[in-house]
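# Examining the three-dimensional arrangement
Single-letter residue listing:
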Amino acid sequence: MKFFKFLTIFLLITINQSAFSKPIPPGSGVGDIPANILILLDSSDSMARTISGVDDTINQPRDVIELSDGNVIVSQYDGGLVKFLTLTGEKDDSFAEGNVNFMGSTSDPNCGNQDSSISPGPGHGKMTLGVSSKVLGHNGEIVFVVDDYDDTGSPKGKVIAIDTSGKCVDVIDHDELAAGSGKGFSPEALTIKNIAGDDHLFVSGGYDRGDGDGDRAYFYTKNLTSGKTMSCDVYDSNIFKVTPSITVADGGTLSAGTLPAGYDGLLYAASRGHIWKYLLKKFDDGAGGITYCPITDPTENQAAGGSNKEWYFYYTYKNTHPECLTKKHCRAYHIQLDPNDSSIMYITSTNHNLFQKVKISNTVLTPINVKGQYNQENTTSDANVNFYTPMGIHVTSTNIWVTDKKPSIQRFTKNITSSASELTWLSTFGGKGRRFDGAIRAIKAVVSDTTFTSSANFGYGYWNSGIGTNPNRHASGDGGQWCYSNSCDYFHGWDSVTERSVLCNVNSCLKIGISNQGYSKIPEALETTSLAWGTDALAFAELASDYYSDPAVDVIDPQAPCQLNYVIVISDGEWIHHDQAAIKIQNLRTSREVKTLVVAYGDGIKPTTIQNKFDKMAIAGSCDDATGAHKDCEKTIIALTPEELKTQLSTKVHQIIAERISFTAPSVTATIQEGGSLYQAQFNYEQHQEWQGTILRKTLNPDGTVNHDPDAVGNWNAAEKIKAQTSRNIWTTLPDASASYI
């Protein structure tokens, strides 16, 4: 008890600064050996998903349609349909009965309890749109969308019709698409065209009926004005089962001599970069039921003086080749004819990150104009129009709308009288609401925090799947799909000249090595990081382990056992090669004493994924207890939003740089000549400004040096003394404002 009373009195004296203090001795300050922290960010395509809770953003838009009032409806990879008010650039909060997003329902009361649901995520990548104001039984405009979701045990896709307020009005399901043929199918693309005063819906797709005939093409057409439906015989066509886009030319708008006698239009389909052309034939039941079908039968085409089909080959894969831009069209994805001129076509090219205006002739599509370049930043002026994988395109009499995966919807002029203002960029809708952009902001904020710059050296890298330069899903020897099936090498050594990993491309790169200048270089590196396909855990594991182990990298100081070395992995989903990566992360910890922290970023990550992948990787990177119960074990860091990511990263970096023991300046009693003693407070930072620590008393030798021997007479540790007490009093202030005592 005497000791504790002494300690209390000592603390009070120290607080009142009545003790004689001296500067901190050399080597005893905080952060004299900065911690090394390598941040590895998941750059897979899934990081383009919209951040939860961010308004007026879109999630990888697939297609867009303009309504008569100038507003647009957009189909999304994950999030159904949304409506944008173009005057304000905001989403229509009243759309879909106040739900903002139309996701439909498995039993939609607005559609006679039909299944109008739009399944989110993988499996329905196209979602093409069309609009008609002449639908039998309905007033106003009706929007049609393909839900091509095709999964075992689920309905095999459908066409959903909604009004402009976002209410379902009809569903054309898999079986109804049979239209009397008995052969329902999974729709892939649709278009709507007014021919001779009636609006016609055209739907193409494919399906393996399990009859031994394999995956076949099917085609459905409906006269929306009369209600007449028909199944078209395209059974032997490979194009219609896979095309993402079709567009129709009314024969009445074509130049004389363009069509053989007895045919009433043309239908174009994009497939594998090429564009295919088919004759369109009218079928009249004699009772006003007129429909149109593309002709794919070779015999009939030849009898009509034509060929089976005519196609336009894209000229080259690379948009840098001038002939792709001047002689033939680039690799096509979505296509649409100009509603004012059927000899003009507009094309999006996902591979080339642009869209084109081309002139149609019998043998070639001649480029007239082109717009776009690869960049994941939002377009802010017509001088630099940025696209990241442009998808859908919609053309009106005055506007051209293009969607891409940044995500954004961009509007351009369509001026048929003046080439000077043709394809001028006007505006961007949707903005940046990707998880990836939120992660970039959070990391920038942390590494730029001046409280860390002297106590932590940062490095940065990104990773997904694949070791080649193609960001798409490729099964070749260096593609993302290849690395899913094989174990790829993601590092290839350290280049001391460029100061980055030898392997450095869109798929993976350790872009900024750990250094005291890392904080100033990382922001720019973040801005130039792109997304690509796949999530391979071996990528981050090899970047981390090979970097810290490379002889050309000298960030670990073997003469500083108190130095702390960390890897922080940030990811949002399901990675492959977990077990192999966990072994590498564990070996990095045991052989190089480098700990790995794991951040699960974004909502929607399955609990089983957290438990089986994130949690186990966090254990492999921090401790030897497989249960994760040991005090050394780090838990998965959960950050649902960019703000949470910033907070969690800041807290963890605070813990890392304060993990080495910290202490106050010593207070020395009496004088050195009289022997004297030194009192020193030591503490370890925990989190949220909480800490644990002790007070040490050390005697001074006659020559003025400190006696550090803990067993020397007169030396003690307050924590040990207090723990050894069988009972004690704890003094504290009271909340009573009138109390004048402690």
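So, a few notes on the structure that sits alongside this text. On a predicted model such as this, the values are computed, not experimentally measured, just so you know. Residue indices begin from 1 for each chain and proceed along its sequence in written order. For a predicted model such as this one, the threshold for reporting local features is a pLDDT of at least 70, and the threshold for listing and counting side-chain atom pairs is 80 or more; totals across whole chains, interfaces and linings nevertheless cover every residue. Side-chain measures were taken over the full set of non-hydrogen atoms in the model, leaving aside hydrogen atoms and water.

### Describing the overall build of the protein chain
The secondary structure content of the protein chain amounts to eleven helices and 41 strands. Relative accessibility thresholds used throughout: buried, under 20% of the residue-type maximum; exposed, over 50%; partly exposed, between the two (1.4 Å probe, protein chains only). Burial status across the protein chain gives 52% buried among its 742 residues. Contacts between residues were defined by any pair of non-hydrogen atoms, one from each residue, lying within 4.5 Å. Residue pairs in contact within the protein chain that sit at least 24 positions apart in sequence constitute 57% of those at least 6 positions apart. Values of accessible area rely on a 1.4 Å probe in the Shrake-Rupley scheme; residue burial ignores everything except the protein chains shown. A total accessible area of about 32400 Å² is found for the protein chain, and carbon and sulfur atoms account for 50% of it. Numbered from the N terminus, helices here are DSSP runs of H or I no shorter than four residues, and strands are runs of E no shorter than two.

### Regarding the packing of aromatic side chains
Between rings of Phe, Tyr and Trp, where Trp is taken as its six-membered ring, a pair exists when centres lie within 6.5 Å; planes separated by under 30 degrees are stacked, by over 60 edge-to-face, and by other angles tilted. All told, the structure shown has 18 aromatic pairs when counted by the stated rule. Both rings, one in phenylalanine 355 and one in phenylalanine 387, keep their centres 6.2 Å apart while their planes meet at 80°; by these two values the pair is edge-to-face. Residue phenylalanine 355 is found in strand β22 (residues 354-360), and its partner phenylalanine 387 is found in strand β25 (residues 386-387); the two are separated by 32 residues along the sequence. Summarising the burial analysis for this pair, phenylalanine 355 and phenylalanine 387 share the class buried. Centroid distance tryptophan 401 to phenylalanine 429: 5.8 Å. Interplanar angle 45°. Geometry classified as tilted. In this pair, tryptophan 401 is assigned in strand β27 (residues 399-404) and phenylalanine 429 in strand β29 (residues 425-429), connecting sequence segments 28 residues apart. Looking at tryptophan 401, the relative accessible area reads 0%, which means it is buried. Each residue in the set Phe202, Phe219, Phe240 and Tyr278 is aromatic and connected to the rest through ring pairs, giving one cluster.

### Digging into the state of the cysteines
The rule for a disulfide is simple: a pair of cysteine sulfur atoms within 2.5 Å. Counted under the stated rule, the structure contains five disulfides. The partner cysteine of cysteine 483 in its disulfide is cysteine 488, sulfur to sulfur 2.1 Å. In this structure the cystine formed by cysteine 483 and cysteine 488 twists about its S-S bond by roughly -95°; its chirality is therefore left-handed. The residue that forms a disulfide with cysteine 504 is cysteine 509, at a sulfur-sulfur distance of 1.9 Å. The chirality of the disulfide connecting cysteine 504 with cysteine 509 is left-handed, given an S-S dihedral of about -85°. Residue classification places cysteine 509 among the buried positions, given a relative accessible area of 0%.

### A few points about helix α7 (residues 537-549)
By definition here, a helix of n residues has an expected span of 1.5 Å times n minus one. When the terminal C-alpha atoms of α7 are compared, their 18 Å separation across 13 residues agrees well with the 18 Å that a helix rising 1.5 Å per residue should span. Along α7, eleven of the 13 residues are buried, which leaves the element largely enclosed by surrounding structure. Taken together, the buried positions of α7 are Ala537, Leu538, Ala539, Phe540, Ala541, Glu542, Leu543, Ala544, Ser545, Tyr547 and Tyr548. For α7, the N-terminal capping position is held by aspartate 536, with its side-chain oxygen 3.0 Å away from the main-chain nitrogen of leucine 538. Counted as a polar contact is a pair of N or O atoms within 3.5 Å, where, for protein atoms, one must be capable of donating a hydrogen and the other of accepting one, and residues adjacent in sequence contribute only when both atoms are in side chains.

### So, the pattern of salt bridges
It is possible for side chains bearing opposite charge to pair when their charged atoms get close. Every case where a carboxyl oxygen of Asp or Glu lies within 4 Å of a side-chain nitrogen of Lys or Arg is listed as a salt bridge. According to the stated counting rule, one finds 15 salt bridges in the structure shown. With a closest N to O distance of 3.9 Å, aspartate 92 and lysine 83 form a salt bridge. Each member of the pair, aspartate 92 as well as lysine 83, is classed as buried. One salt bridge connects lysine 406 with aspartate 404, and the closest N-O pair in it is separated by 2.8 Å. Look at lysine 406 and you get buried, because its relative accessible area is 0%. According to the relative accessible area criterion, aspartate 404 is buried, its value standing at 0%. Members of the salt-bridge network, linked through shared partners, are Arg435, Asp572 and Asp603.

### Quick notes on the packing of helix α4 (residues 435-447) against helix α6 (residues 518-527)
Helix axes are fitted to C-alpha atoms over the stretch in contact, other axes to C-alpha atoms as well, and angles between N-to-C directions run from 0 to 180 degrees. Their axes nearest at 9 Å, the elements α4 and α6 cross at an angle of 170°. Taken together, the axes of α4 and α6 lie roughly antiparallel to each other. Together, Ile440, Ile443, Lys444 and Val447 of α4 and Tyr519, Ile522, Pro523, Leu526 and Glu527 of α6 make up the contact between the two elements. For the contact of α4 with α6, the residue count by class is seven nonpolar, no polar and two charged. Here the angle decides the label: under 35 degrees means roughly parallel, over 145 means roughly antiparallel, 65 to 115 means roughly perpendicular, and every other value means oblique. Ten residue types, Ala, Val, Leu, Ile, Met, Phe, Trp, Tyr, Cys and Pro, are classed as nonpolar, four, Asp, Glu, Lys and Arg, as charged, and the remainder, Gly among them, as polar.

### A word on the environment of lysine 406
The residue lysine 406 is located in the loop between β27 and β28 (408-413) in this model. On a C-alpha basis, the gap between lysine 406 and phenylalanine 387 in space is 7.2 Å, while along the polypeptide they are 19 residues apart. With residues up to four places along the chain from it excluded, the contact list for lysine 406 reads Asn375, Gln376, Glu377, Asn378, Asn386, Phe387, Tyr388 and Arg434. Polar side-chain contacts of lysine 406 include one of 2.7 Å to the backbone oxygen of asparagine 386. Polar contacts involving the side chain of lysine 406 include one to the side chain of aspartate 404, which spans 2.8 Å.

### Here we look at the side chain of lysine 414
Looking at the secondary structure, you find lysine 414 in the loop between β28 and β29. Side-chain polar atoms of lysine 414 contact the backbone oxygen of threonine 396, separated by 3.1 Å. Of the polar contacts made by the side chain of lysine 414, one reaches the backbone oxygen of serine 397; its length is 3.5 Å. In contact with lysine 414, other than residues within four places in its own chain, are Asp338, Pro339, Asn340, Tyr346, Val395, Thr396, Ser397, Thr398, Asn399, Ile400 and Glu422.

### So, the sheet that holds strand β35 (residues 594-601)
When DSSP finds at least two bridges between two strands, those strands are taken to pair. In spatial order, the strands read β33-β30-β2-β34-β35-β36; together these six strands make up an open sheet with mixed pairing. Edge positions in the sheet fall to β33 (508-515) and β36 (637-639), since each of these pairs with one other strand and no more. Put simply, the sheet's adjacent strands are angled 20° from each other on average, direction ignored. Pairing analysis gives four bridges linking strand β30 (residues 456-463) to β33, with the strands arranged antiparallel. Opposite tyrosine 462, over in β33, you have cysteine 509 as the bridge partner. Lying on the sheet, helix α8 (residues 578-592) is in contact with β34 (565-571) and β35; it crosses β35 at an angle near 150°.

The values are spatial; any link to function lies outside them.
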